[in-house]
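Here are the chains, one letter per residue:
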Amino acid sequence: MFNSIKENILPIHNLNIGIDISELQNDLNPFLELCLCCKCNKIPQMPVTLKSCEHLFCFLCLVEEMKNKYIDETFCPKCNKKIYIDDMMTSKKTNSLLQMLTLVCNLCKQKFNALKEYEIFKTHKSLCHNELLLSTSLLTSSSNSKKKYK
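Because the structure is a prediction, the values reported are computed rather than measured.

Student: Explain the overall build of the chain here, please?
Tutor: Counting secondary structure elements, the chain contains 4 helices and 5 strands. In the chain, the succession of helices and strands from N to C terminus is α-β-β-α-β-α-β-β-α. Taking all 150 residues of the chain together, 36% fall into the buried category. A fraction of 49% describes how many contacts in the chain between residues 6 or more apart in sequence connect residues 24 or more apart. Total accessible area on the chain is roughly 10,100 Å²; 54% of this is exposed by carbon and sulfur atoms.

Student: Can you help me understand unusual backbone geometry in this one?
Tutor: Note: most peptide bonds trans; most residues except glycine with negative phi. Non-glycine residue Met 46 carries a positive phi angle of around 50 degrees. One can find Met 46 in the loop between helix H1 (2-7) and strand S1 (47-50). One non-glycine residue, Lys 109, lies in the positive phi region at around 70 degrees. Since its relative accessible area comes to 52%, Lys 109 is described here as exposed.

Student: Looking at this structure, how should I read the pattern of salt bridges?
Tutor: Between side chains of opposite charge, a pair can form as their charged atoms come close. Taken as a whole, this structure holds 5 salt bridges when the rule is applied. One salt bridge connects Glu 23 with Lys 125, and the closest N-O pair in it is separated by 2.4 Å. In this pair, Glu 23 sits in the loop between H1 and S1 while Lys 125 sits in helix H4 (residues 118-149), placing the two residues 102 residues apart along the sequence. Judged by relative accessible area, Glu 23 falls into the buried class, the value being 17%. A salt bridge links Glu 119 to Lys 122, with the nearest nitrogen and oxygen atoms 3.4 Å apart. Taken together, the residues span about one helical turn, with Glu 119 and Lys 122 both in helix H4 at a distance of 3 residues. Exposure remark for Lys 122: the relative accessible area of 37% places this residue in the partly exposed category. Through salt bridges with shared partners, a single network forms among Lys 39, Glu 65 and Lys 69.

Student: Looking at this structure, I do not really get the sheet that holds strand S3 (residues 88-89). What am I missing?
Tutor: The strands making up a sheet are joined through hydrogen bonds of the backbone, oriented either antiparallel or parallel. Spatial strand order, S2-S1-S3: 3 strands in an open sheet with antiparallel pairing. In the strand order of this sheet, the two ends are held by strand S2 (56-58) and S3, each with one partner. Pairing geometry for S1 and S3, over 2 bridges, is antiparallel. Bridged to Leu 50 within S3 is Met 88.

What counts and what doesn't
Residues numbered from 1 in each chain as written. Predicted model: local features only at pLDDT ≥ 70, side-chain atom pairs only at ≥ 80, totals over all residues. Heavy atoms only, no water. Helix = DSSP H or I, 4+ residues; strand = E, 2+ residues; numbered from the N terminus. Buried < 20%, exposed > 50% of the residue type's maximum accessible area, 1.4 Å probe, protein only. Contact = heavy atoms within 4.5 Å. Areas by Shrake-Rupley, 256 points an atom, 1.4 Å probe, with all protein chains shown as cover. Salt bridge = Lys/Arg side-chain N within 4 Å of Asp/Glu carboxyl O. Pairing = 2+ DSSP bridges.

In structure tokens form, the structure reads like this:
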């Protein structure tokens, strides 16, 4: 059963990305709460929505919850509604929301797509921070030099 469901789920991003949710808390992501797995509270890996309650999970989080139970003993970990065999689905709306998640560099305000450009964002953020440190140190040394010549 799980194999057939898994085949129909489109992986949204690489499993090792691990986007920091605090970096997504900005005005460009007003629906961030709707984009988090109800079990692990992260951007879902292979997102699955339950038809009956529309709660979102990582496929593996939901399978972990269900794996040692009979199907008639399986309930949504969030709201405790009964989960049926055909309850798991991929949601185009959820996938669209996930694709729109945006990261913003706090220093230069450049925007990045969270799922497609996270590695680029991390590199940019580091470079931007280093650039700020360099310009700050140059300003400080310049200001100290002017004081010496007065």
